[in-house]
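Coordinate analysis (summary)
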Amino acid sequence: MQDEGIVIGEGVLLDARPTSFASRLAGAVIDLIALGVVAIAVAWLLTRFVVVSPSQDVLQITFVVVMVTVLVVIPTTVDTLTRGRSLGKLAVGIRVVRDDGGPIRFRQAFVRALVGILELWLTLGSVALITSLVNPQGKRLGDILAGTYAVRVRGRTETRAVLVMPPFLAAWAQQADVARLPDGLALAVRQFLGRAPRLHPGSRYALGQQLAGEVARYVAPGPPAGTHPEAFLAAVLATRRDREYDAATRAAQRSATEAVTLHRLPHGVPDPAR
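Being a predicted model, the structure only gives us computed values, none of them experimental. (Residues numbered from 1 in each chain as written. Predicted model: local features only at pLDDT ≥ 70, side-chain atom pairs only at ≥ 80, totals over all residues. Heavy atoms only, no water.)

**Overview of the overall build of the chain**
What the chain contains, in helices and strands, is ten helices and six strands. The buried share of the chain, taken over its 274 residues, is 33%. Relative to all contacts within the chain whose residues are 6 or more apart in sequence, the contacts with residues 24 or more apart total 71%. In the structure as shown, the chain presents an accessible area of about 16,900 Å², 65% of it carried by carbon and sulfur atoms. (Helix = DSSP H or I, 4+ residues; strand = E, 2+ residues; numbered from the N terminus. Buried < 20%, exposed > 50% of the residue type's maximum accessible area, 1.4 Å probe, protein only. Contact = heavy atoms within 4.5 Å. Areas by Shrake-Rupley, 256 points an atom, 1.4 Å probe, with all protein chains shown as cover.)

**Points about the pattern of salt bridges**
Counted according to the given criterion, the structure contains ten salt bridges. Linked by salt bridges that have partners in common, Arg24, Asp79, Arg112 and Asp143 make up one network. (Salt bridge = Lys/Arg side-chain N within 4 Å of Asp/Glu carboxyl O.)

**A look at the nonpolar core**
Counting 25 residues, the largest nonpolar core has Trp172, Val215 and Leu233 as the members making the most contacts within it. At seven residues, helix 10 (residues 229-263) tops the list of elements feeding residues into this core. Beyond its immediate sequence surroundings of up to four residues, leucine 233 is in contact with Val189, Phe192, Leu193, Gly208, Leu211, Ala212 and Val215. In terms of nonpolar packing, the next biggest core, distinct from the first, is built from five residues, Val66, Val70, Leu71 and Val72 among them. (Core = buried A, V, L, I, M, F, W, Y, C linked by side-chain atoms within 4.5 Å.)

**Quick look at a nonpolar patch on the surface**
A contiguous nonpolar patch, built from Phe21, Leu25, Val29, Ile33, Val37, Leu129, Ile130, Leu133 and Val134 and spanning about 840 Å² of accessible area, is present on the exposed surface. Counting residues per element, the ones that place at least two in the nonpolar patch are helix 1 (21-49) and helix 5 (126-134). Classification of valine 134 as exposed rests on a relative accessible area of 64%. (Patch = residues over 30% accessible without salt bridge, like charges linked within 9 Å, V, L, I, M, F, W, Y side chains within 5 Å.)

**Some words on the environment of leucine 211**
Here leucine 211 lies in helix 9 (residues 201-216). When the C-alpha positions of leucine 211 and leucine 233 are compared, they lie 7.9 Å apart, and in sequence the two are 22 residues distant. For leucine 211, the residues in contact, after removing those within four places along its chain, are Leu185, Ala188, Val189, Phe192 and Leu233.

**Examining the side chain of arginine 24**
Along the chain, the position of arginine 24 falls in helix 1. With a relative accessible area of 14%, arginine 24 lands in the buried category. Only 2.5 Å separates the side chain of arginine 24 from the backbone oxygen of glycine 138, close enough to count as a polar contact. (Polar contact = N/O pair within 3.5 Å; in protein donor to acceptor, adjacent residues only side chain to side chain.)

**Quick look at the packing of aromatic side chains**
Taken as a whole and assessed by the stated rule, the structure comprises two aromatic pairs. The interplanar angle of 55° and the centroid separation of 6.0 Å between the aromatic rings of tryptophan 172 and phenylalanine 232 together place this pair among those described as tilted. Linking tryptophan 172 in helix 7 (residues 170-175) with phenylalanine 232 in helix 10, this pair joins segments that are 60 residues apart in sequence. Accessibility assignment for this pair places tryptophan 172 and phenylalanine 232 in one class, buried. (Phe/Tyr/Trp six-rings, centres within 6.5 Å; stacked < 30°, edge-to-face > 60°.)

**Digging into unusual backbone geometry**
Across the junction of alanine 220 and proline 221, the peptide omega takes the value -5°, indicating a cis bond. Looking at the secondary structure, you find proline 221 in the loop between strand 6 (219-220) and helix 10. The phi dihedral of arginine 83 is positive, around 55°, even though this residue is not glycine. Relative to the helices and strands, arginine 83 resides in the loop between helix 2 (56-82) and helix 3 (87-92). Taking relative accessible area as the criterion, arginine 83 reaches 32% and is therefore assigned partly exposed. Positive phi, close to 55°, is recorded for leucine 124, a residue that is not glycine. Following the sequence through the fold, leucine 124 ends up in the loop between helix 4 (106-122) and helix 5.

**Brief notes about the side chain of threonine 227**
In this fold, threonine 227 is placed in the loop between strand 6 and helix 10. One polar contact links the side chain of threonine 227 to the main-chain carbonyl oxygen of proline 224, over a distance of 2.6 Å. Excluding its chain neighbours within four sequence positions, the residues that come into contact with threonine 227 are Phe168, Leu169 and Phe232.

**Comments concerning the packing of helix 2 against helix 4**
At a closest axis distance of 8 Å, the pairing of helix 2 and helix 4 adopts a crossing angle of 140°. Relative to helix 4, the element helix 2 is oriented oblique. The hand of the helix 2/helix 4 crossing is right-handed. Contacts between helix 2 and helix 4 involve Leu71, Val72, Pro75, Thr76, Asp79 and Thr80 from the first element and Phe106, Ala109, Phe110, Arg112, Ala113, Ile117 and Trp121 from the second. (Axes fitted to C-alpha atoms, helices over the stretch in contact; angles between N-to-C directions. Parallel < 35°, antiparallel > 145°, perpendicular 65-115°, else oblique. Left-handed = near helix turned anticlockwise from the far one by under 90°.)

Remember that the coordinates give geometry; whether it matters functionally is a separate question.
Written as structure tokens, this is what we have:
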């Protein structure tokens, strides 16, 4: 049941859906206009403040420097500093991220800008267009080589209902041994519980029974006889959530106590702060 996104933790899905080609094209056009304005401004400054007439070699070197600055240096710097949100991407509500969902760094930004010279400028965008249409995530060639893709960061988000422990299963859950569920199974259960009211009753019951059977392999002892599959699934996820939260809290407290102990002076040595 995992569609698009990145699974983290116990059944938590990051909404990292690839953006449409139209959105990427609109962002690219805005970035292109911005780069064009920068190039015109640089050229105007050169002609404005250069008093002597430069030679042909100087003109060629200046042209190369300006092109490298506009096509590579500026896009790399902007994407690195903004973590993948250039002016065009910001305007259309998208961001370039790594394949694992993390923010891009200098290496990814540099590879995208460098490859962009070939696929965006020398081929007038034809290579980027073909690659984006063929790739399932809408990646252009620079994204494939850099290990990145564009995701939506604006728009309507789906509100997930809070998991609540069924009261009649609270006592059983306290004594049950509930192992950590695989990410895919935990996500499938979480999505099922959120969509269950909208499912056909027959499909809802069958899918609930199937998921409950898979989850039961990670729980001992099983729930009381006659427990509804959805109640059992909700109890398992709520138990895992609460136990992991308690474990994280205890670990933080233990780390704080150990830090105080490590910073304490040996016995008999006066503390200069006192």
